[in-house]
Amino acid sequence: QVQLVESGGGLVQAGGSLRLSCVATGSIGSINVMGWYREPPGKQRELVATITSGGSTNYADSMKARFTISIDNAKNTVYLQMGSLKPEDTAVYYCNADLTLSGGGRYTYRYWGQGTHVTVSS
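Calculation rules
The numbers attached to residues start from 1 for each chain and follow its sequence in the written order. Reporting of local features is limited, given that this is a predicted model, to residues whose pLDDT is at least 70; pairs of side-chain atoms are given and counted only at 80 or more, and all residues count toward the totals for whole chains, interfaces and linings. The side-chain figures draw on all heavy atoms in the structure; neither hydrogens nor water molecules are used. Two strands are counted as paired when DSSP detects at least two bridges linking them. Starting at the N terminus, helices and strands are each numbered in turn, a helix being any DSSP run of H or I of at least four residues and a strand any DSSP run of E of at least two. What counts as an axis is a line fitted to C-alpha atoms, over the stretch in contact for a helix, and the angles between N-to-C directions run from 0 to 180 degrees. Should any heavy atoms of two residues lie within 4.5 Å, those residues are counted as being in contact. Per-residue accessibility, obtained with a 1.4 Å probe over protein chains only, is compared with the maximum for each type, and a residue is labelled buried under 20%, exposed over 50%, and partly exposed between these values.

1. Quick look at the sheet that holds strand β8 (residues 77-82)
- Strand order in the open sheet made by the 4 strands is β1-β3-β8-β7, with antiparallel pairing throughout. Only two strands of the sheet have a single partner each, and these edge strands are β1 (3-7) and β7 (67-72). Each neighbouring strand pair of the sheet contributes to a mean axis angle of 15°, computed without reference to strand direction.
- Examined bridge by bridge, β1 and strand β3 (residues 18-25) share 5 bridges and lie antiparallel to one another. In the strand pairing of β3, L4 is matched with A24.

This is the structure we're talking about:
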């Protein structure tokens, strides 16, 4: 089966930076889109950014000035470079992938990672 594993979260002071990583493993046919979402305490999950295997990106308006998403297709890995972090960026960050399964045709499945915690202190 397919698994997504995030890493890179932690505690950082306001104004600092972090780089999150997420690798997809398993019986993958092809990855169409990978993305990052976040879930602040007590709030609903929201979009951070997405990127296609071709490199097309989409950012939430509040994130695009400070965050950068990138993808390494050969490694099935997506990254999120976060800069100028603010306390309101504190959240659990989740990796997402829309992909086909090996031998499964063109039907696309959505997978989620377990999340990685990011805490920004003031």
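The structure having been displayed, the exposition proceeds.
2. Brief notes about the environment of Y94
- The topology assignment puts Y94 in strand β9 (residues 91-101).
- Not counting the four nearest positions on each side in its chain, Y94 is found in contact with E6, G35, W36, Y37, E39, R45, W112, G113, Q114 and G115.

3. Notes on unusual backbone geometry
- Of note in this structure, N76 is not a glycine but carries a positive phi near 50°.
- As for its position among the elements, N76 is in the loop between β7 and β8.
- Phi is positive for S84, close to 50°, though the residue is something other than glycine.
- S84 gets classed as partly exposed once you look at its relative accessible area, which sits at 44%.

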